[in-house]
Amino acid sequence: MMTDNTAPALELISFCIGEQEFCIDVKTVREIRGWTPATPIPHAPNYMRGVINLRGAIMPVIDLRNRLGLGVTIPETRHVIVVVECRDRLAGILVDAVSETFTVPRDSLQPAPDVGVEELRYIQAIISMENRLITYLRMDDVFPAQVSEAA
């Protein structure tokens, strides 16, 4: 089997939600900050924690656990907000902890299994690495246009 050695490797950053590991492209990450209570927005989707002031810019914060259908996060000081740039806007995702940055060849990405569930649209791929499975998220679907416009 031939592999495409010209395709650049992906640099990813992983984080935990409960016992599960997820990752996103490190190029989308602007900063990682400690948990800051968010100001709720009336009539916002239930996965949106609210907004915070990030050096003068109002930014929405998404409870990623809730967005992925894994329950609701009860934020504590150990939780972090990963600030990402999505669709030319900043937004934060609330996660339990950031794990590591790592590089993987593009040919190591496995498609998500088709189980007929629409929520799998958030999954870009599955990465099998060192006896772990890491879910590579598609950030454009995690942050729908109307949420990023809420800020």
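Structure: above.
Being a predicted model, the structure only gives us computed values, none of them experimental. (Residues numbered from 1 in each chain as written. Predicted model: local features only at pLDDT ≥ 70, side-chain atom pairs only at ≥ 80, totals over all residues. Heavy atoms only, no water.)

1. Brief notes about the packing of aromatic side chains
Right, on to step 1. Within this structure, the stated rule accounts for one aromatic pair.
Right, on to step 2. Seen in terms of ring centroids, Phe15 and Phe22 are 6.4 Å apart; in terms of plane orientation they differ by 25 degrees. Their pairing is stacked.
Right, on to step 3. The buried category is assigned to Phe15, whose relative accessible area is 1%.
Right, on to step 4. By relative accessible area, which is 5% here, Phe22 ends up buried.
Right, on to step 5. Against the face of Tyr47 rests Arg67, its NZ or CZ located 4.1 Å from the ring centre. (Phe/Tyr/Trp six-rings, centres within 6.5 Å; stacked < 30°, edge-to-face > 60°. Buried < 20%, exposed > 50% of the residue type's maximum accessible area, 1.4 Å probe, protein only. Lys NZ or Arg CZ within 6 Å of the ring centre and 35° of its normal.)

2. Focus: the sheet that holds strand 5 (residues 57-63)
Right, on to step 1. Strand order in the open sheet made by the five strands is 3-6-7-5-4, with mixed pairing throughout. One side of each edge strand has no neighbouring strand; the edge strands of this open sheet are strand 3 (29-34) and strand 4 (48-54). Direction aside, neighbouring strands of the sheet carry axes that sit 30 degrees apart on average.
Right, on to step 2. Bridge analysis of strand 6 (residues 80-86) against strand 7 (residues 89-95) gives seven bridges, and the strand direction is antiparallel. (Pairing = 2+ DSSP bridges. Helix = DSSP H or I, 4+ residues; strand = E, 2+ residues; numbered from the N terminus. Axes fitted to C-alpha atoms, helices over the stretch in contact; angles between N-to-C directions.)

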